[in-house]
Amino acid sequence: ARRLNPLDRKLAVEAARIALELEDYSEALRHATDALLLTQGLGEVEEVATRRRVETLAALCRLSKDELTQLHRQRETALQRASEQVALTRARLFSTLTLAEGYGQRVASAPKREELLRVALDLRRFRVFRHFSDAYLVQLAQIGRREKFSHAQVLTREGEESRDIFVVLEGRLQ
């Protein structure tokens, strides 16, 4: 998950927690350092807690201040590269993105582009879509629609034939 979304602070925190539970302190430190870098600007309380976590893990790994500073710089560079890659992918996606409207084609508006990108990134979270190209995910986002369903609402019944696919972004189905 971190490889697919390296700029997600919550994923970095969770990955650090899992690595810590597995007693892989160096991996936990790497993820915690990423979380610290991604926490900047979110609030002093969160940043202090994350900094304390990094310092504790550094002590467990027996890293000196210089080694910790070097790790911090390495992770900062890696996150910067990831950020640039996201920007490049985004620019590439939307430089040619068009939406079918009526009989003609027109370039998608900025808010529509942002929504399509958000939906494409939501789809990327699912294993089945993980290897789809960015352009294909945007196409899926264009043809799909977001719906909310009420509790106990029947979406389909076993044995019914359908060409629809449901991707559950939030909640669960039975």
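This one's a predicted model, so the numbers in the text were calculated from it and none came from an experiment.

Novice: Account for the overall build of the protein chain, naming residues and giving values.
Specialist: A count of helical and extended segments in the protein chain gives six helices and two strands. Element order for the protein chain, N to C, with α for helix and β for strand: α-α-α-α-β-β-α-α. For the protein chain, contacts bridging at least 24 residues in sequence account for 50% of all contacts bridging at least 6. As presented, the protein chain carries roughly 13,300 Å² of accessible surface, and 50% of it is formed by carbon and sulfur atoms.

Novice: Let's hear about the layout of surface pockets: which residues, and what values?
Specialist: Volume-wise, the largest pocket comes out at about 1,600 Å³. Lining the largest pocket are 36 residues, with Glu-147, Phe-149, Phe-166, Val-167 and Val-168 positioned closest to its centre. Elements supplying a minimum of two residues to the lining of the largest pocket: helix 5 (110-124) and helix 6 (134-143). Ranked by residue count, the leading element in the lining of the largest pocket is helix 5, at six residues. Taken together, the residues of the lining of the largest pocket sort by class into 17 nonpolar, eight polar and eleven charged.

Novice: A description of helix 2 (residues 25-39) should follow, citing residues and the corresponding values.
Specialist: The end-to-end C-alpha distance of helix 2, which contains 15 residues, comes to 20 Å, matching closely the 21 Å that a straight helix rising 1.5 Å per residue would cover. Of all the positions in helix 2, only Ala-28, Leu-29, His-31, Ala-32, Thr-33, Asp-34, Ala-35, Leu-36, Leu-37 and Thr-39 are classed as buried. A positive backbone phi angle near 95° is found at Gly-41, which sits one or two residues after helix 2.

Novice: Residue-level account of the pattern of salt bridges, with values.
Specialist: Pairing between side chains of opposite charge can happen when the charged atoms of each approach one another. All chains considered together, the criterion is met by eight salt bridges. For Arg-9, the salt bridge identified is with Glu-46, shortest N-O distance 3.2 Å. Pair noted here: Arg-9 is in helix 1 (residues 9-21) and Glu-46 is in helix 3 (residues 44-60), with a separation of 37 residues, a long-range link. With its nearest N and O atoms 3.2 Å apart, the salt bridge here joins Glu-47 to Arg-51. Of this pair, Glu-47 and Arg-51 both sit in helix 3, four residues apart, which is roughly one turn of the helix. Taking relative accessible area as the criterion, Arg-51 reaches 36% and is therefore assigned partly exposed.

Novice: I'd like a rundown of unusual backbone geometry, residues and numbers included.
Specialist: For Glu-23, which is not a glycine, the phi torsion comes out positive at approximately 60°. Tracing the chain through its elements places Glu-23 in the loop between helix 1 and helix 2. Here Ala-152, not a glycine, exhibits a phi torsion of approximately 65°, which is positive. Inspection of the secondary structure puts Ala-152 in the segment after helix 6. Residue class for Ala-152 comes out exposed when judged on its relative accessible area of 68%.

Novice: Describe helix 3, with residues and values.
Specialist: Working note: α-helix, 3.6 residues per turn, so residues spaced by three or four point in the same direction. If you check helix 3, its first and last C-alpha atoms are 24 Å apart, about what 17 residues at 1.5 Å a residue would give, namely 24 Å. Within helix 3, burial applies to Thr-50, Val-54, Leu-57 and Ala-58. What you see down the axis of helix 3 is that its buried residues fit within an arc of 105°, all on one side. Residues of helix 3 that are exposed and point more than 90 degrees away from the buried face comprise Glu-44, Val-45 and Ala-59.

Novice: Which residues make up a nonpolar patch on the surface, and what are the values?
Specialist: Judged by side-chain polarity, Ile-165, Val-167 and Leu-169 come together as a nonpolar surface patch covering roughly 240 Å² of accessible area. Looking at the element boundaries, Val-167 is found in the segment after helix 6.

Analysis parameters
Residues numbered from 1 in each chain as written. Predicted model: local features only at pLDDT ≥ 70, side-chain atom pairs only at ≥ 80, totals over all residues. Heavy atoms only, no water. Helix = DSSP H or I, 4+ residues; strand = E, 2+ residues; numbered from the N terminus. Contact = heavy atoms within 4.5 Å. Areas by Shrake-Rupley, 256 points an atom, 1.4 Å probe, with all protein chains shown as cover. 1 Å grid on protein atoms, 1.4 Å probe; cavity = no way out; pocket = protein on both sides within 12 Å on 5 of 7 lines; lining within 4 Å. Points joined across faces, edges and corners; volume = space filled by probe spheres on them. Nonpolar A, V, L, I, M, F, W, Y, C, P; charged D, E, K, R; others polar. Expected span 1.5 Å × (residues − 1). Buried < 20%, exposed > 50% of the residue type's maximum accessible area, 1.4 Å probe, protein only. Salt bridge = Lys/Arg side-chain N within 4 Å of Asp/Glu carboxyl O. Arc of directions from axis to C-beta. Patch = residues over 30% accessible without salt bridge, like charges linked within 9 Å, V, L, I, M, F, W, Y side chains within 5 Å.

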